[in-house]
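These are the residues of each chain, in order.
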Amino acid sequence: MIPLYTDEVGVLAEIFSSFQGEGPLVGRRQVFVRTAGCNLSCSYCDSAKSRREVKFCEVERDPGSGLLLRRNNPVTSSWANEEILGLWASGTHSVSITGGEPLCQPEFAAALARCCAAEGLPVYFETNGFSERRFLRVVDRIDFAAVDVKLPSHRACPPADWLRLVENELGCIKAASRAGAVTIAKVVILESTPIEEIDRLCPRLEGVEATFVLQPASGIGRPSPEKLMLIHQAASEHRGDVLVIPQAHKMMGVL
Ligand SMILES: Nc1nc2[nH]cc(C(=O)O)c2c(=O)[nH]1
Ligand code: SF4
Ligand SMILES: [Mg+2]
């Protein structure tokens, strides 16, 4: 008999309750599940802790308390599911599966999404988009897809690997949109971002059904208003719906 459900094992960094701080769903209450480990090395990364595998998964006890309890890694998807349900409060919109990079643990990411779907909880899936093949294993179980697009100047990977990375990211964005997920394509903008990189990228997103978000870096490298205007103008030559949305969770002081 084919099992209906497989419990998978993986490495998590955190499970907590917060408000989505990025993109067009900003302000939506979510339970966040942050996987540990990432294959890229973006210059602006603010998830340093979760880029490597961690010993413990920190779980928030009461929403907003910031009080985190530790659980030894690896953990199972069914355990994570119970913790998600424990943090699910009235008004919660969805479960954000984020990282690190969830697709570094594809079976685990798929199991997490499957558990949520089985409970009827909508899934918001964040990925750096490095593998379209892996993304295809989760795409049918998610409702929202937030896919990063890395520019060469982000130094996410060695220069020789960037073309393959961007092809995969665009593949993920198109696959999510085709599968009927609400799709968000996100590019982080720094003061050092060359306009030419936006000029080269944006024609490739023409006609793709996704919300296109420029996210100003919030720490070191934060772009000036003038830079943001110029980048927005360049992107808008190719799409009519370009949004500039900063990271609101950092302003609110929530996790
Ligand atoms: N509140 C909140 N919103 C977020 N949106 C994306 C996040 C991330 O770390 O990827 C994040 C996060 O860490 N916290
Ligand atoms: S893909 Fe995300 S988690 Fe990975 S290095 Fe880049 S910003 Fe950090
Ligand atoms: Mg992220």
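This one's a predicted model, so the numbers in the text were calculated from it and none came from an experiment.

Novice: Requested: an account of the nonpolar core, with residues and values cited.
Specialist: If you look at the biggest cluster of nonpolar residues, it comprises 60 residues, and the most contacted ones within it are Leu-12, Ile-15, Phe-135, Val-187, Ile-198 and Phe-212. Apart from the residues lying within four places of it in its own chain, the contact partners of Val-187 are Val-149, Leu-151, His-154, Ile-198, Leu-201, Phe-212, Val-213, Leu-214 and Gln-215. In terms of nonpolar packing, the next biggest core, distinct from the first, is built from seven residues, Tyr-124, Ala-146, Val-213 and Ile-245 among them.

Novice: So what's going on with the UniProt feature "binding site: [4Fe-4S] cluster" (unreviewed entry) in the chain? Which residues, and what values?
Specialist: Under the local residue numbering, the UniProt record ascribes the feature "binding site: [4Fe-4S] cluster" (unreviewed entry) to Cys-38, Cys-42 and Cys-45. Relative to the helices and strands, Cys-42 is located in the loop between strand E3 (29-35) and helix H1 (48-51). If we ignore the near neighbours within four places in the chain, the residues touching Cys-42 are Arg-51, Lys-150, His-154, Arg-155 and Ala-156. Relative to the elements of secondary structure, Cys-45 occurs in the loop between E3 and H1. Under the relative-accessibility criterion, Cys-45 is labelled partly exposed at 29%.

Novice: Now, about the UniProt feature "binding site: substrate" (unreviewed entry) in the chain: what can you tell me, with residues and values included?
Specialist: Cross-referencing UniProt, the feature "binding site: substrate" (unreviewed entry) maps to Phe-19, Gln-20, Gly-21, Arg-34 and Thr-98 in the present numbering. Over a stretch of 80 residues, the named residues converge on one spot in the fold, their C-alpha atoms separated by at most 14.3 Å. With respect to the helices, strands and loops of the structure, Gly-21 is situated in the loop between strand E2 (12-19) and E3. Here Gly-21 is in contact with Val-26, Pro-246, Gln-247, Ala-248 and His-249, once residues within four sequence places are set aside. With respect to the element layout, Arg-34 can be found in strand E3.

Novice: Help me get a handle on the site of ligand 2, residues and values and all.
Specialist: With respect to spatial proximity, the complete set of residues near ligand 2 consists of Cys-38, Leu-40, Ser-41, Cys-42, Tyr-44, Cys-45, Arg-51, Gly-100, Asn-128 and Lys-150. The residue inventory of the shell around ligand 2, partitioned by class, reads five nonpolar, three polar and two charged.

Novice: Account for helix H7 (residues 225-236), with residues named and values stated.
Specialist: Counted at 1.5 Å a residue, the expected span for H7 with its 12 residues is 16 Å, and the 16 Å between its end C-alpha atoms agrees. Residues of H7 that are buried: Lys-227, Leu-228, Ile-231, Ala-234 and Ala-235. Mapping the buried residues of H7 onto a view down its axis gives an arc of 130°, with all of them on the same face. The outward face of H7, more than 90 degrees from its buried face, is lined by the exposed residues Pro-225, Glu-226, Met-229 and Gln-233. Where H7 is buried, its residues contact strand E10 (182-189), helix H6 (195-201), strand E11 (211-216) and strand E12 (242-244).

Novice: Would you mind going over the sheet that holds strand E8 (residues 123-127) in detail, with residue names and values included?
Specialist: Spatially, 10 strands are ordered E5-E4-E2-E3-E7-E8-E9-E10-E11-E12 in an open sheet, and the strand pairing comes out mixed. The open sheet has two edge strands with one neighbour each: strand E5 (68-72) and E12. Here the average twist between neighbouring strands, direction ignored, is 20°. The pairing of strand E4 (residues 56-60) with E5 spans five bridges and is classified as antiparallel.

Novice: So what's going on with the site of ligand 1? Which residues, and what values?
Specialist: The immediate surroundings of ligand 1 are formed by Ser-18, Phe-19, Gln-20, Gly-21, Glu-22, Phe-32, Arg-34, Thr-98, Glu-126, His-249 and Leu-255. Within the contact set of ligand 1, a nitrogen atom lies 2.6 Å away from a side-chain nitrogen or oxygen of Gln-20. Protein coverage of the free-state accessible area of ligand 1, which is 320 Å², stands at 93%. Within the residue set of the shell around ligand 1, elements represented by two or more residues are E2 and E3. For the shell around ligand 1, the residue count by class is three nonpolar, five polar and three charged.

What counts and what doesn't
- Residues numbered from 1 in each chain as written.
- Chains lettered and ligands numbered in written order.
- Predicted model: local features only at pLDDT ≥ 70, side-chain atom pairs only at ≥ 80, totals over all residues.
- Heavy atoms only, no water.
- Core = buried A, V, L, I, M, F, W, Y, C linked by side-chain atoms within 4.5 Å.
- Buried < 20%, exposed > 50% of the residue type's maximum accessible area, 1.4 Å probe, protein only.
- Contact = heavy atoms within 4.5 Å.
- UniProt positions renumbered as here; feature names shortened; annotations may be inferred.
- Helix = DSSP H or I, 4+ residues; strand = E, 2+ residues; numbered from the N terminus.
- Near = heavy atom within 4 Å.
- Nonpolar A, V, L, I, M, F, W, Y, C, P; charged D, E, K, R; others polar.
- Expected span 1.5 Å × (residues − 1).
- Arc of directions from axis to C-beta.
- Pairing = 2+ DSSP bridges.
- Axes fitted to C-alpha atoms, helices over the stretch in contact; angles between N-to-C directions.
- Polar contact = N/O pair within 3.5 Å; in protein donor to acceptor, adjacent residues only side chain to side chain.
- Areas by Shrake-Rupley, 256 points an atom, 1.4 Å probe, with all protein chains shown as cover.

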